[in-house]
Amino acid sequence: MEFATGALGTLLPKLGQLLQDEYNLHKRVKKDIVFVTRELESMRAALRDVGEVPQEQLKEAVKIWAFDVRELSYDMEDIVDTFLVRVQGSEPPSKRSIKRFIKKMTTIVGKAKTLHGIGQEIKHIKERVKDVAERRDRYKVDAITPTKTSVDPRITALYTKAASLVGIDEPREELISRLTREHGGMSSAEQRIVTIVGFGGLGKTTLAKAVYDKLKPQFNCTAFVSVSRDPDIMKVLKDILYELDKKEYKDIHNTALGQQHLTDLVHEFLKNKRYLIVIDDIWDTKPWEMIRCALPENGLKSRVLTTTRIIGVAEYVGGCYRMKHLTDKSSKILFYGRIFGSIGNCPQQFSDVSEKVLKKCGGVPLAIVTISSLLANKSRNINEWSDVCDAIGAGVGNNPGMDDMRKILLLSYYDLTPQLKTCLLYLSIFPEDYEFRKSRLILRWIAEGFVQQGDVRQSLFEIGQSYFNELLNRSLIQPSIDQDDMSPLRCRVHDMVLDLICSLSRDESFAITVYGASKRITSSESKVRRLSIHSTSWPTMNMSKLRSLTINNSAIINSMPPLSRYHLLCVLDLEDCNLKDQHSLDFVGKLFHLRYLSLAYTGYAGEVPREIGKLQFLQTFYFSGTYIKEVPLSILGLRQLMCLAVGENTRLPTSGLRNLSSLKLLRMNVDSAYIAEELGHLTQLRVLVVVLRKDKEGRWDERMCRVLVVSLGKLHRIQNLQVDISDDVEVHLEGSVDSLWNLSHLFIYGTSRLPTWIDPTSFLLLSQLCIKVGQVRSEDIHVLGLLQALRVLHVKVAGAKQVFERFMIKADAFPCLTRCIFSGLSTVPSMFPPGAMPMLQRFKFYIRAEDFGDSEFTVDDLTISHLPSLHTVRVHLDGDETVSEELAMKVKDALRNEARAHPNHPEISMRIDGQWILLCM
């Protein structure tokens, strides 16, 4: 149902656009458009209600009605888009008078004398809308309401025997420590709250129950209650009272008390008692605020433990503890134990397929339990096991044994808005384990029309970023890099989530993904709208309505039909395909509807046709990772272009770049001060990557860096900035930049020293800084320590390693830093006194043997105990010659002693002469 809602959300603004006077439509046509718009808005409201109802609860007639609404909206959108393409023309605005052309074309269209006369087409649509509206009333769609699930699939987590739990000891003890020990200057007598956050099925409830059971005897009164997605707060408060005293409040659920009265009862009961309360499965901050009012801060060492799937909720409630996936060892114990009794009992022939299944489960306990239970009931037939393995992540694992896993994940899905549901299901076009770029996904969402303009102060890309962040926040997509980077650039979908969204996508006939000789998602083949191909042969189906095409297999390129026949294409994504043998892209100039075009990392070495300038709707053009040398001047006429990423050998036209005033993301090469000056006119930029290099004659423009810094000072909206300087020159970026107050990510590679314009008073939002410099001075580290929002820091010294003299910085330096890497220089953490880096979790640094000479290496040199939040340490111990065994042993002993003494017992690894050694964990 979500795709029908999403399709209407895309269409309705376009219908509104048609009513503008500039299109000069007949009054009758405008009247029909108004009628159609009102009916579609009514259908959209009905579809929102239908979307809240699980598929299995819907009557077949309602499903058919929703399918018809979606097809109707798609057909209408095709008509409107085709009209807009004809009206706005295929020539750049500079080559023709738009007003004169619009007047001419709209007159033709208004009289319905063209093949696709807009008036006649809308008349036909109006009749279809009437028919669909009548059936909505006939089926009483507006009266549909969801029924509550009678059995909570997570209930078994509360009754799992402690002896059967695997991999829970370490996180249980860590949580108990956080709940009971003094830390961070907080008295143990104060009320303490810890929140477990993580992916659905990761075992949050099980872990919370294990902690609760172990701590329960230490408290005067305890309660374990669940909130769930649609909470009844009065029932939650009654549950708390009943759990606190089952005799006193045995009839509490039969009373008609108000919320305020119930809150007072809980508060009064707890005010003089040391209590332990577990609030399981919080989905929103509002229910928590109401519950929080009932839990008094009485100074009696009371504790509150909560669980949630949503990171934002965890951070709001406080004491955020990120749930970890099971280790490989624990996963195997759980998996093999349920099927064979133990790891050692697994027959050899099932070893490989079992490893594949475990990889797909990804350390999620519920997934392992679900799949192992399913396989345990299968015959010992290797082919059946392989079929189950292949089904995971393909959306075809509709097995009764998977029901609990599916229901738990569906809780997260149904909690999403219609827009987010559509955006999540769009990920079904990517294969298993695929890591997609954040920007690629957002720009494709925009091209598909999923991102709707709300607040005019936000660009479509910024709204798309908020969608992405929300899915990340809800753990429905996972970063492919450390969580310390609060804005990961690449993400993936867990195989179990992929299995769910592929299944839902198949049910909605939203997309077809082709693997091998078979389709992964069935659809009404006469209406294929989105197609993702991972096979070696072109599928045989009717694709006359195709709007989105993704090709992930290079082998198909030479056998595919002319793409120009798919004239409705809005998205053409050939990323990572091998196009080295392709000599022409002329067909692109005929795809007038195109909004997204990617040739990224294809190795294409041909030319970009001049006809690219005809694509007046084009928003994104990726061709980084190609060997395109130049692009035609006509590209400067693409006034809707919001993203342009060029290859490392590509040169843009030397003048006119400022005409691309809609650009939000730009990756380009700069080889002259003139082009650097042009950048200053692109004031809408949010993301900028520039590569400073010599010109094609091999000359370096001495003014270029100074002019670039001036241009950067004009880009007030820039959020992500990367400057790469060619390795064969030695320069620095000096100047004055005082307007980058929105900058959150800064990457500078190749400068000789830290730029003086990195000013803590101006860079108030800078959260990530990566810099590769020729030399680092103690005053540079002092400046960086004053960046109040900095969370990730990577400092690398290029060329010969620099010996770092020890120095002291202020005790309040790096207040928010969670991840720090010093590479290419030699240092030890004693440079950071107590109070510095209070939030640091991951630290990587170098120790050079030569720095110690004949002096004794002592534990005092490794004061990691000064870093209270530390969890992971990576140490490189190396030197000009092989490190002596004596020094290596001293460093190992020092690190182990520090880890034992540290309250977090951090995991420490050391690299000696090229080999990593895990010292403690």
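That block above? That's the structure.
Since we're looking at a predicted model, the values are computed, not measured.

Their axes nearest at 11 Å, the elements helix α12 (residues 328-340) and helix α13 (residues 351-361) cross at an angle of 120 degrees. By the angle between their axes, α12 is oblique relative to α13. The hand of the α12/α13 crossing is right-handed. Contact residues: Ser331, Lys332, Phe335 and Tyr336 in α12; Ser351, Ser354, Glu355, Val357 and Leu358 in α13. Here the contact of α12 with α13 is built from residues that sort into 4 nonpolar, 3 polar and 2 charged.

For the rest of this paragraph, the subject is the pairing of strand β1 (residues 192-197). For β1, the tally of buried residues reaches 6 of 6 residues, placing the bulk of the element in the interior. The alternating pattern of β1 places Arg192, Val194 and Ile196 and Ile193, Thr195 and Val197 on opposite faces, both of which are buried. Here 6 bridges tie β1 to strand β4 (residues 303-308), and the two strands are oriented parallel to one another. Across the sheet, residue valine 197 finds its bridge partner in β4, namely threonine 308. The sheet contact formed by β1 and strand β5 (residues 320-322) spans 3 bridges and is parallel. Its bridge partner being in β5, isoleucine 196 is matched across the sheet by tyrosine 321.

In this section: the pairing of strand β12 (residues 548-551). The side-chain alternation of β12 yields two buried faces, one formed by Ser548 and Thr550 and the other by Leu549 and Ile551. Of the pairings in the sheet, the one linking strand β11 (residues 530-533) to β12 comprises 4 bridges and is parallel in character. Bridge pairing links leucine 531 to leucine 549 in β12.

For the rest of this paragraph, the subject is the nonpolar core. Counting 122 residues, the largest nonpolar core has Phe621 and Leu644 as its most contacted members. It is helix α22 (residues 704-712) that contributes the most residues to this core, 6 residues altogether. What phenylalanine 621 contacts, discounting residues up to four positions off in sequence, is Leu597, Leu599, Val608, Ile612, Ile635, Leu641, Cys643, Leu644 and Ala645. One finds Leu202, Leu375, Phe461 and Leu504 within the second-largest nonpolar core, a separate group that totals 97 residues.

So, about the pattern of salt bridges. Under the definition given, this model contains 39 salt bridges. Put simply, arginine 172 and glutamate 173 hold a salt bridge, and the shortest N to O gap is 3.2 Å. With a relative accessible area of 33%, glutamate 173 lands in the partly exposed category. Between lysine 235 and aspartate 239 there is a salt bridge, with its nearest N and O atoms 3.0 Å apart.

Glancing now at the packing of aromatic side chains. Per the counting criterion, the structure on display carries 19 aromatic pairs. Seen in terms of ring centroids, phenylalanine 450 and phenylalanine 510 are 6.2 Å apart; in terms of plane orientation they differ by 45 degrees. Their pairing is tilted. Placement of the pair is phenylalanine 450 in the loop between α18 (438-448) and α19 (460-473) and phenylalanine 510 in the loop between α20 (495-508) and β9 (512-515), with a sequence separation of 60 residues. On the basis of relative accessibility, which here comes to 7%, the residue phenylalanine 450 falls in the buried class. The class of phenylalanine 510 is buried, set by a relative accessible area of 2%. Above the plane of the ring of phenylalanine 269 lies lysine 273, whose end atom (NZ or CZ) is 4.2 Å from the centre. The residue whose ring lies beneath lysine 421 is tyrosine 413, and the NZ or CZ to ring-centre distance is 5.5 Å.

What counts as what
- Residues numbered from 1 in each chain as written.
- Predicted model: local features only at pLDDT ≥ 70, side-chain atom pairs only at ≥ 80, totals over all residues.
- Heavy atoms only, no water.
- Axes fitted to C-alpha atoms, helices over the stretch in contact; angles between N-to-C directions.
- Helix = DSSP H or I, 4+ residues; strand = E, 2+ residues; numbered from the N terminus.
- Parallel < 35°, antiparallel > 145°, perpendicular 65-115°, else oblique.
- Left-handed = near helix turned anticlockwise from the far one by under 90°.
- Contact = heavy atoms within 4.5 Å.
- Nonpolar A, V, L, I, M, F, W, Y, C, P; charged D, E, K, R; others polar.
- Buried < 20%, exposed > 50% of the residue type's maximum accessible area, 1.4 Å probe, protein only.
- Pairing = 2+ DSSP bridges.
- Core = buried A, V, L, I, M, F, W, Y, C linked by side-chain atoms within 4.5 Å.
- Salt bridge = Lys/Arg side-chain N within 4 Å of Asp/Glu carboxyl O.
- Phe/Tyr/Trp six-rings, centres within 6.5 Å; stacked < 30°, edge-to-face > 60°.
- Lys NZ or Arg CZ within 6 Å of the ring centre and 35° of its normal.

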